[in-house]
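Descriptive structure summary
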Amino acid sequence: MTIPSRAALVERFTAPGQPFETGEHMVRGLPMRVYAHAPGTLRDIALSLGGWGDRPFLAYRDERWTYAEQARIIAGLARRLADDYGLVKGDRVAIAMRNYPEWTPVFWAGQLLGLVMVPLNAWWTSDELAYALGDATPRLVIADAERARLIAPHLGDAALIEVRGNGQWEKLVASLDPDATPPDADVAPDDDATIMYTSGTTGRPKGAVGTHRNHVTNLFNTAVSAYAGAAIANGGEPPEPDPAAPQPSALCTFPLFHIAGLTSLGFVPLSGARLVTQYKWDLEEARDIISTERITSVSGVPSVLRQLVADAASHPAAYKSVLGIAMGGAPIPPELVTRIGDGTFDVPVAPSNGYGLTETTSAVVGNSGADYVARPDSVGRPVPGADVRVVDPGTGRDVPGGEVGELWFYGPNIVRGYWNKPEATAAAFTDGWFRTGDLGRVDDGWVYVVDRLKDVIIRGGENIYCAEVEAVLFDHPGIEDAAVVGIPDPALGEEAVAVIVGDPDLTAEEVRRHVAGRLAAFKVPAHVVVRTEPLPRTATGKILKRDLRTAVKSEVGAR
């Protein structure tokens, strides 16, 4: 029996009359393909939590909550936010904390009221937090003790609720009416739901304004991918629901303030799964969580999951429950995908990758399972409802098929623009199309990302795509982490520098020989810098190439 391809199954399941049927609908004056049977808003998902009853919902260390318990807390908290703090639809509420379990009731209570939730990067400095507070002007900030101290001087007229510090949150929860019902709120699909700040690797971060439709579309994109994966495992047909089957459980190592983390937070109640979080990434703790909690899926950035995959090879018994590993937030080295699919785990584990940005509300392209193992260098195919163009960034015209250009995307998961930044919005969004700033190509429907537009190295008139060179570097067994940046060269314009972390005995010449065996001579790094400390990264795993470039330029220039 021939099992249909994932693409064929997704097309089948999104056809008229199917569970994930899509149809054309006008969104902000533009025709888009949207899910016909998706919840209208995040409020609808919040209202559904109680339907899962006493099923386990959330775990953090030795703390546990059921769906019913969370539903009661969310309803009571929403009432208090409205009655005591006077919050109404459209008001902003900022969340500034690590991956504490308080994230979930705060987020969902806000969605019940139609508030605009503003997740703040928990790694930001006081100055960075002050900037976001001044930009978003929230009426309320809910922060853990560490962030509360940083935020306090910059609150302005905003109220503050402190979590896991002075007992304020615990008193608030203890005072909630256990019989409270969710307050009424008129929330529409195209109302604002979040302001999520970009990672800000260059300049000040921008607040991407996500609507309820954006988020629900993203969650249904995740759901149809899981549905297709289950059908593939079942010979091409979705399996019949089995009430006796073990509950799916997800360990989310993404920060919840990141769009990928928020996807996990949203998908769990949609699917009846259980969410498990950590205060911060710790490999030994994660191994214990996966083993004791019987985790079925793990999500995170490549640098974290690289550690996890290596650990699974050494401690296979701890990972027997894992069925899927989802990666994103930064470029995925193809060799990591291959390692996941080559028998590292005792049972078949499906790797998956979602390529997207804050502005695309997480993954706008996805690759998973056997497709990903077969094409580990591709980020996959566009999600249902999304269209892609490959555009010459200089002329704005589409390039011929298979050629490299800037990736543009269109669809119901594209945010409506940037908060308080009309010029930046006009520059990045054109007639519903979002200009990603990433260079890539499309071959036979498969999308390949080759580099950030601003990171391309032009050496003597030839383009060097850093991601391509980095993928080759990761194939070397002695290299644990790597980045390629360009530095000025008086003769060639720019030269490539490889910065690596790994075997201290690895020589620059050996690294250059390794690259030369796989790529054209002009792509071989002119310099190799070996470091012992980790490469600088954002909270979501992206390498801070601006910082690295400055340091390397000085180091190489001093030689």
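Look up: the structure comes first, before these words.
Residues numbered from 1 in each chain as written. Predicted model: local features only at pLDDT ≥ 70, side-chain atom pairs only at ≥ 80, totals over all residues. Heavy atoms only, no water.

**Thoughts on the packing of helix H3 (residues 67-83) against helix H4 (residues 103-113)**
Selection rule: Only C-alpha atoms enter the line fits that serve as axes; for helices the fit covers just the stretch in contact. Angles between N-to-C directions range over 0 to 180 degrees. Helix and strand definitions follow DSSP, with helices as H or I runs of at least four residues and strands as E runs of at least two, each counted in order from the N terminus. Convention used here: angles under 35 degrees read as roughly parallel, angles over 145 as roughly antiparallel, angles from 65 to 115 as roughly perpendicular, and any remaining angle as oblique. We call a crossing left-handed when the near helix sits turned anticlockwise from the far one by less than a right angle, and right-handed when that turn is clockwise. Note on contacts: a residue pair is in contact if any heavy atoms of the two residues lie within 4.5 Å. Residues are grouped as follows: Ala, Val, Leu, Ile, Met, Phe, Trp, Tyr, Cys and Pro are nonpolar; Asp, Glu, Lys and Arg are charged; all remaining types, including Gly, are polar.
Across the interface, H3 lies against H4 with an axial gap of 8 Å and an inter-helix angle of 60°. Accordingly, the angle class assigned to the pair H3 and H4 is oblique. The crossing of H3 and H4 is right-handed. Facing H3, whose interface residues are Gln70, Ile73, Ile74, Ala75, Leu77, Ala78, Leu81 and Ala82, H4 presents Thr104, Pro105, Val106, Trp108, Ala109, Leu112 and Leu113. Residues that form the contact of H3 with H4 fall into these classes: 13 nonpolar, 2 polar and no charged.

**Overview of unusual backbone geometry**
Which entries qualify depends on this criterion: Type-normalised accessible area, obtained with a 1.4 Å probe on protein chains alone, sets the label of each residue: buried when under 20%, exposed when over 50%, and partly exposed for intermediate values.
Backbone geometry at Thr137 places phi at a positive 45°, although glycine is not the residue there. You can see Thr137 is positioned in the loop between helix H5 (126-136) and strand S7 (140-144). Judged by relative accessible area, Thr137 falls into the partly exposed class, the value being 42%. Unlike most non-glycine residues, Thr361 shows phi in positive territory, near 50°.

**Let's talk about the sheet that holds strand S15 (residues 350-357)**
Defined as follows: Two strands qualify as a pair provided DSSP detects at least 2 bridges between them.
Strand order across the open sheet formed by 9 strands is S4-S3-S12-S11-S13-S14-S15-S16-S17, with mixed pairing between neighbours. Of all strands in the sheet, those bounded by a partner on one side alone are strand S4 (63-66) and strand S17 (381-382). Summarising the sheet, S15 and strand S16 (residues 362-368) pair through 6 bridges and their orientation is antiparallel. Paired with Ser352 across the strands is Ser368, a residue of S16. Docked against the sheet, helix H12 (residues 334-341) engages strand S14 (324-327) and S15, running at close to 170° with respect to S14.

**Overview of the pattern of salt bridges**
Rule in force here: Criterion for a salt bridge: a side-chain nitrogen of Lys or Arg within 4 Å of a carboxyl oxygen of Asp or Glu.
Tallied over the entire structure, the rule returns 33 salt bridges. Glu285 is paired through a salt bridge with Arg61; the nearest N and O atoms lie 4.0 Å apart. Taken together, the residues span a long stretch of sequence, with Glu285 in helix H10 (residues 283-292) and Arg61 in the loop between strand S3 (56-60) and S4 at a distance of 224 residues. Glu285 gets classed as partly exposed once you look at its relative accessible area, which sits at 26%. We classify Arg61 as exposed; its relative accessible area is 52%. With its nearest N and O atoms 2.8 Å apart, the salt bridge here joins Lys89 to Asp191. Of the two residues, Lys89 is situated in the loop between H3 and strand S5 (92-96) and Asp191 in the loop between helix H7 (168-174) and strand S9 (192-197); the sequence distance between them amounts to 102 residues. Looking at Lys89, the relative accessible area reads 41%, which means it is partly exposed.

**Focus: the sheet that holds strand S26 (residues 493-502)**
Overall, mixed pairing links the 3 strands, which are arranged S25-S26-S27 in an open sheet. Across the chains shown, the open sheet's two edge strands, defined by having one partner strand only, are strand S25 (479-489) and strand S27 (527-531). Sheet twist, expressed as the mean angle between neighbouring strand axes with direction ignored, is 25°. Pairing of S25 with S26 involves 10 bridges; the strand directions are antiparallel. Across the sheet, the residue bridging to Asp481 is Val501, located in S26.

**With respect to helix H1 (residues 6-13)**
Basically, it comes down to this: An arc is given here, and it is the one of the directions from the helix axis to the C-beta atoms.
Residues of H1 that are buried: Arg6, Leu9, Val10 and Phe13. Across the axial projection of H1, the buried residues extend over an arc of 100°, all falling on one side. If you follow the buried residues of H1, they end up packed against helix H8 (212-233), S16 and helix H13 (369-374).

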